Structures are given as C-alpha cells and as structure tokens.
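Observations on chain architecture
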Amino acid sequence: MSTAESSKPVNFIHQIVEKDLQQGTHDGRVVTRFPPEPNGYLHIGHAKSICLNFGTAEKYQGACNLRFDDTNPEKESQEYIDSIIRDVNWLGYQWQGEVRYTSDYFQQLHDWAVYLIEQGKAYVCDLSPEQAKEYRGNFTTPGRNSPFRDRSVEENLALFARMKNGEFAEGSCSLRAKIDMQSPNMNLRDPMIYRIMHTRHHQTGDQWCIYPMYDFAHGQSDAIEGVTHSICTLEFEDHRPLYEWFIENLPVPCAPKQYEFSRLELNYTITSKRRLKQLVDEAHVAGWDDPRMPTISGLRRRGYTPAALREFCDRVGVTRSNGVVDMGMLEAAIRDDLDKTAPRAMCVVRPIKVTLTNYPADQQEWFELPNHPKDETMGQRQVPFSANLLIEEEDFAEEPPRKWKRLAPGEAVRLRGAYVITCNEVIKDAEGNVVELKCSYDPDTKGSNPEGYKPNGVIHWVCAQHSVPCEVREYDRLFTVENPAGDKERDFLECINPDSLVVLNNSRCEIGLQGAAVESRFQFERTGYFAVDADSTAEKLVFNRTVTLRDSWK
RNA sequence: UGGGGUAUAGCCAAGCGGUAAGGCAACGGGUUUUGAUCCCGUCAUGCGGAGGUUCGAAUCCUCCUACCCCAGCCA
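Parameters and conventions
- Residues numbered from 1 in each chain as written.
- Chains lettered and ligands numbered in written order.
- Predicted model: local features only at pLDDT ≥ 70, side-chain atom pairs only at ≥ 80, totals over all residues.
- Heavy atoms only, no water.
- Phe/Tyr/Trp six-rings, centres within 6.5 Å; stacked < 30°, edge-to-face > 60°.
- Helix = DSSP H or I, 4+ residues; strand = E, 2+ residues; numbered from the N terminus.
- Lys NZ or Arg CZ within 6 Å of the ring centre and 35° of its normal.
- Pairing = 2+ DSSP bridges.
- Contact = heavy atoms within 4.5 Å.
- Axes fitted to C-alpha atoms, helices over the stretch in contact; angles between N-to-C directions.
- Near = heavy atom within 4 Å.
- Polar contact = N/O pair within 3.5 Å; in protein donor to acceptor, adjacent residues only side chain to side chain.
- Nonpolar A, V, L, I, M, F, W, Y, C, P; charged D, E, K, R; others polar.
- Patch = residues over 30% accessible without salt bridge, like charges linked within 9 Å, V, L, I, M, F, W, Y side chains within 5 Å.
- Areas by Shrake-Rupley, 256 points an atom, 1.4 Å probe, with all protein chains shown as cover.
- Salt bridge = Lys/Arg side-chain N within 4 Å of Asp/Glu carboxyl O.
- Lys, Arg positive; Asp, Glu negative; His and termini not counted.
- Charge placed at Lys NZ, Arg CZ, Asp CG, Glu CD.
- Parallel < 35°, antiparallel > 145°, perpendicular 65-115°, else oblique.
- Left-handed = near helix turned anticlockwise from the far one by under 90°.
- Domains from an automatic or database assignment.
- Buried area = accessible area lost by both parts, 1.4 Å probe.
- Expected span 1.5 Å × (residues − 1).
- Buried < 20%, exposed > 50% of the residue type's maximum accessible area, 1.4 Å probe, protein only.
- Arc of directions from axis to C-beta.
- pLDDT = per-residue confidence, 0-100.
- 1 Å grid on protein atoms, 1.4 Å probe; cavity = no way out; pocket = protein on both sides within 12 Å on 5 of 7 lines; lining within 4 Å.
- Points joined across faces, edges and corners; volume = space filled by probe spheres on them.

Describing the packing of aromatic side chains
Evaluated as defined, the whole model comprises 25 aromatic pairs. Relative to Tyr-211, the ring of Phe-106 lies with its centre 5.7 Å away and its plane at 65°, an arrangement referred to as edge-to-face. Linking Phe-106 in helix 5 (residues 106-118) with Tyr-211 in strand 7 (residues 210-212), this pair joins segments that are 105 residues apart in sequence. Through successive ring pairs, a cluster of aromatic residues spans Tyr-359, Phe-367, Phe-385, Tyr-419, Tyr-441 and Trp-461. The aromatic ring of Phe-492 is capped on one face by Arg-275, whose charged end is 5.6 Å from the ring centroid.

Comments concerning the sheet that holds strand 11 (residues 347-348)
In space, the seven strands of this open sheet follow the order 10-23-24-25-21-22-11, with mixed pairing throughout. Each edge of the open sheet is held by one strand with a lone partner, namely strand 10 (344-345) and strand 11. With respect to the sheet, helix 13 (residues 327-341) is in contact with strand 10, strand 23 (521-524), strand 24 (528-532) and strand 25 (541-548), its orientation differing from that of strand 25 by roughly 120°.

Brief notes about the protein's contact with RNA strand B
In the region of RNA strand B, 67 residues are neighbours, and Thr-140, Met-329, Arg-344, Gly-447 and Gln-523 sit closest. Sugar and phosphate atoms form 60% of the subset of RNA strand B atoms that lie within 4 Å of the protein. Contacts to RNA strand B include Gln-523, whose side-chain N or O atom sits 2.5 Å from a base nitrogen. Where the surface near RNA strand B is concerned, the elements lending two or more residues are helix 6 (129-136), strand 6 (192-196), helix 12 (306-316) and helix 13. Examining the composition of the surface near RNA strand B, we find that four residues originate from one element, helix 13, more than from any other. Residue composition of the surface near RNA strand B, grouped by class: 23 nonpolar, 19 polar and 25 charged.

Let's talk about the sheet that holds strand 19 (residues 458-459)
A sheet is described by the order of its strands in space; here seven strands give the open sequence 19-16-17-18-12-15-20, paired in mixed fashion. Two strands in the sheet have a free side with no partner beyond their single neighbour: strand 19 and strand 20 (461-463). Of the pairings in the sheet, the one linking strand 12 (residues 351-356) to strand 15 (residues 388-392) comprises five bridges and is antiparallel in character. Bridge pairing in strand 15 links Val-354 to Leu-389.

Points about a negative patch on the surface
Together, Glu-282, Asp-487, Glu-489, Asp-491 and Glu-494 make up a negatively charged patch on the protein surface. Position of Asp-491 among the secondary structure elements: in the loop between strand 21 (467-475) and strand 22 (501-510).

Remarks on the packing of helix 12 against helix 13
Relative orientation of the contacting elements helix 12 and helix 13 amounts to 135°, with a least axis distance of 8 Å. Of the possible angle classes, the one that applies to helix 12 and helix 13 is oblique. Of the two possible hands of crossing, helix 12 and helix 13 adopt the one that is right-handed. Facing Ala-307, Ala-308, Leu-309, Phe-312 and Arg-315 of helix 12, the residues of helix 13 in contact are Met-329, Leu-330, Ala-332, Ala-333, Ile-334, Asp-336 and Asp-337. Considering only residue class, the contact of helix 12 with helix 13 consists of nine nonpolar, no polar and three charged.

Quick notes on the domain arrangement of chain A
Looking at chain A, the domain boundaries give domain 1 (3-261), domain 2 (265-346 + 467-554) and domain 3 (351-459). The distance between the C-alpha centroids of domain 2 and domain 3 comes to 30 Å. Listed as interface residues are 17 residues of domain 2 and, on the opposing side, 21 residues of domain 3. When the buried surface of domain 2 facing domain 3 is broken down by residue, Arg-344, Arg-526 and Trp-553 rank first, second and third, together holding 41% of it. Across the domain 2-domain 3 interface, the total number found is three salt bridges. A salt bridge links Arg-381 to Glu-510; the nearest nitrogen and oxygen atoms lie 2.6 Å apart.

Quick notes on helix 7 (residues 153-164)
Every α-helix carries 3.6 residues per turn, so stepping three or four residues along brings you back to the same face. Compared with an ideal rise of 1.5 Å per residue, which puts twelve residues at 16 Å, helix 7 spans 16 Å between its outermost C-alpha atoms and is within 8% of the ideal. Those residues of helix 7 hidden inside the fold are in contact with helix 5, strand 4 (122-125), strand 5 (174-177), strand 6 and strand 7. Gly-166 lies just past helix 7 and shows a positive phi near 80°.

Things to note about unusual backbone geometry
Phi is mostly negative for residues that are not glycine, and the peptide bonds are mostly trans. Its identity is not glycine, yet Asp-27 carries a phi of approximately 55°, on the positive side. Here Asp-27 is to be found in the loop between helix 2 (12-23) and strand 1 (31-34). Exposure remark for Asp-27: the relative accessible area of 70% places this residue in the exposed category.

A word on helix 2
Counted at 1.5 Å a residue, the expected span for helix 2 with its twelve residues is 16 Å, and the 16 Å between its end C-alpha atoms agrees. Among the residues making up helix 2, those that are buried are Ile-13, His-14, Val-17 and Asp-20. Relative to the axis of helix 2, the buried residues are bounded by an arc of 120° and lie together on one face. Among the exposed residues of helix 2, those oriented more than 90 degrees off its buried face are Gln-22 and Gln-23. Of the surrounding elements, those touching the buried residues of helix 2 are helix 3 (44-59), strand 8 (229-233) and strand 9 (257-261). One or two positions beyond helix 2, positive phi appears at Gly-24, with a value near 70°.

Structural notes on the confidence of the model for chain A
For any part of a model where pLDDT is low, the fine detail of the predicted coordinates should not be relied upon. With 99% of its residues at a pLDDT of 70 or more, chain A has an overall mean of 96. Confidence over residues 1-5 falls short of pLDDT 50; this stretch has one contact with residues more than four positions distant or in other chains. Model confidence for the complex: the whole-complex pTM is 0.96, and ipTM, which rates the interface, is 0.97.

Some details on the layout of surface pockets
By volume, the largest pocket amounts to about 1,200 Å³. As for the largest pocket, its lining consists of 46 residues, and the residues nearest its centre are His-46, Glu-235, Phe-236, Arg-263 and Lys-273. Taken together, the residues of the lining of the largest pocket sort by class into 17 nonpolar, 16 polar and 13 charged. Three or more residues apiece are contributed to the lining of the largest pocket by two domains, here domain 1 (3-261) and domain 2 (265-346 + 467-554).

As structure tokens, then:
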C-alpha cells in the first residue's frame, strides 16, 4: 500500500496551509491562535477549535498563541481566564510564549483608530443606538449616511480624544469606520469600531473607558502577533470583508487570512454559553464542572481523557457544513481510550449478599487477577475471597429470561477469577425482596474449569468484609431529547433528564482501590468506566461513571 | 425579503472528470473466565432535485429546492 492510500484525509484548512507552504505565502510561517473571550467555561465545541488551531501549528511546525479576546469587560472575569488556561493545558497543548490579551494591544488599537480618522476613514458619530439602528436599514433597505459622517478630520480627532478622556456618557457617541451604508453586507454599513464603556477592565483596570469592538480588534491583533491563518467559526464569514478592510487600510505588520469552519454540534446536549451559564446559575447542575456538563472541566471530572477528546475531534473532522454529531461518537472515543489504559477492578454497585454454605466460615484466600486482560505489563492485583460475598443485584434473577448467563436458582455461574458457585436457596425479607442467596462453591473450579465443564456465565463479586465501601454516581445524558435548545414550544430546562444522576451509597469495591487518587480511572468489569471524583475522602471513595460498557445483550 | 454559505448512508466524513475511502451506529458470525475487548462479514447501481456538456460527471455548466448565518454600542 502506498503512503498516499494509507494516509488520512487532509481537511480543507490543512489543504490551504499546505498550499501556502508550497507557494511560500506568509514567508513559509504557520501561526494560528486560539482566541476565546473569557466570558464562560470552555466546552466541547471549543475543544474542536483548540485541536484545530494547536493541531495545525503542531502538524506544520508552526506556533499557536493563546489570546484572550477581552474587548468587553462587562462579561468577562479572571475566573474564566483561569479556567480556560487550565483547560487548554489539560488538553495537552502548549501555546507560544506568554498568554496574550487583546487588551495588551489597546494602545496600538487606539493609535490605529486615530490613523483611520486621519485618513478620513473613520468618524465620531453622535447617533443614539436607536437612531443608528434606524439609519443602518435592513436586508431589503439600504442604510442612510449618518449626519455626522462628514465631520472634519480635526473635529473627529478632537471628539475621539474626548471620548477617550471620559468626557462623554456611554452611548452618547461612538467611532465608526467610513465604508458603505449601501452595502448588502450589513457588517460594512459603517461599523462601530469603538464604544464608550465606563467599566473597569479585569486586565487594564481603569485605564480605558473606550473599548474596541470585536471587528476592529481581532484582525489587527492577529497581525500584531504575526498570525498567518486566523481560523474561526462560520458565523464570522460575513465579517471577513471587514477583517480584510482593516488589514488593507491600516499599517499593520502583516496580512493574516481568516478561514471559517463549522461549529461542533452534539446531540443530547447544548453548547450555548448562555444556557450553560443558566444551568449553573439556577443550580440545575452542581457547577461548570458538573460531570454532566459538556464543558471541558465537566468532561474531565466525568473521567474523559485529553487523548479521547482529541481523538474525538479528529474523528469528527473539519468542514464548512453544519451537522450534528452523535453523542455515541464521543462515547466511543472514551471507551476506545479507556479500554486500553484503564486498569480493571470489581465493584458491586448494588450489592446482594451471597453466603457460601460449604466454604469454611473462618477461611480467607487471595486470588491474583490481572489488571488488564490483554496488557500484562499492567501487572496483577490481589483480591480477597471468603464465604461472605456480595454480587450485583441485577446478576441474579429468580425467574431468568431466555439466554440468561447469570445467577438463578439451581444455576451455576463463575465468580470472576475465583470459583463456580451454584445458587441453592433464595432468602427474602417480609416484603418479598431477595436479601440473600445461599450458594455452594465447587472447589474443583478454582482458577480454571475442570475437563468438559463450563458454566454459562461469569459475574463480578467482592468479599463482604474485605471490600471498600464507596459511593457510585451513575451519570447519564443531561437531556432526554436530541436537540434540547431546538424546540420553540418547550424550554430546554424542561428537557433535562431526571435520571441524569443516580447516586448509590452502598456500593463496595475491591480492597485494592482503597486510597485511589482523584481522577484515576478504572474499568469496573462488566459495568463501565469510572473515575475517582474530587469529592472522595479518606473514609469514602466517590466514583463517577464516565460511560457504560457497550452492551450487546438484548 | 438583500447578502453570504452548505447539501455524499441513520450520524460524522473522504472524494477535487476515470466509475462512491474511513469512523460511529446497526445487523450477522467467530474467539473470550467482562453479554467488554478483539477478529471476520453485511450495510449508497447511489452523491438534495431536474436538465445539459463529455467516451465518461458526486466532481464542469444551467435552473430549482431545502437548511444555516447576518439587521448588538456582543464575540
């Protein structure tokens, strides 16, 4: 097979980069940037952008900057900055140099605004927000020129200086680029480039009371940093002509190019910052890092690995078409990773007592089980065994359905890594609930099956005394419908899955898990992948179910 | 409604004029002391629709349709 046949397809952004490299555009440099506004926590959609930007730099020996697009201090905070830095780091990417802020460039941006005024390409407009809206026109009606459009350079310079000096109230005037009020592209109808905002900024304090708009800040910041490929999402497509207008009309050091790709959309969840914030603020979840949240920090706490998230982004691909990715793809990615890397252990989530009537009551033995069925480098572990055991409630059925491969009256199953047992007696409480199973074990089945004998199933178990009490949090998808935010009739909050979290307090895991580190991950055999939650204490381990095992039993 | 985009299987996605990759899901079968993993197989005479160009079209042309984005002093 040739390398061409075996190599993975190259996404359209990478095709552009390769062509640029080939033609020597941007002097052969590849510089990207991940530019979040610090107004919320990063979510799975951002992961796609992070992977694309950092991944592109990595692939082509370029560099990627981390820049906070902090032009609107009203919505931003240091908490968000800290969380974003943490999340990008956790995903395993390293940015070039220091973390950058658009606010680092406020002076330069201001000077360029002055430059535009001097060139007669920007003016101070006294139209109120309402009037400006009216003058802008709409899709079918062209806009009209502002009555302040033809102020002299001198007047504009003076007015802009007074804006900057805090002489005007918010909303009383703004600086606008003089482009084309008739343009079919609304972004070109004399866009606002500076507004007055008497708000303290988390980085620059009270230094400024005028702040640049996104359009005026973004491209120029890219240029300042020497960005070559400015990758953003599709909704900024209409902004590209404006992005280019500023680059062409300002004495910027280089000419970055903007490219757009489609946002990641996942079913059974939401990625709107507004709604995620609402879930947190109204306490529908425990916080931004609640394991049910599609945030990076939530996924991390849920037990997802950076490798799985990166693999997922890779599998999803990069295109310009809007689609909705199935949650199953995300789950497949984490299963693939954890199957290879997570040590196995046994944990009985919903215990039911099993007493071995023919096993000496005072006897105890230890079995040696592999930590991984295929990877012997992961070593072995010791698991204690005695006459008093615990098995999973759902592994016993008084009246087993067809093809049942678990325990039932009169039937035998293997206790994983130990003996084959047979259920002889079912003990119930006053309400008729099964509370204990009296079983007998077969000493000849220790470790392996005798000649010609094979029980029809294998179940997990734990020693009643020598096991560790723990709390298990079974997480499921947060919403019951594919597109929670897509229903005009029903608020997304009404679509929250009432069973998205089930807490079990009587679970017991094998002794070796005692003291397991927060964030360590395990496969609880036959039940799923679990990660140790930060809520764990010395007295009680808390496990989060990351994802169940695939279950093909119907 | 003016402008800008996008349509390939249930979902994501390759393809760039030479006869429809791959992944997820699903469905069969094999191995298995996890109903897991792993392995093998099936899954688009078809590329939003209709015309056209061509020996040959998912790829080029024309028209049509559907969906997404834009009328913040948000990003």
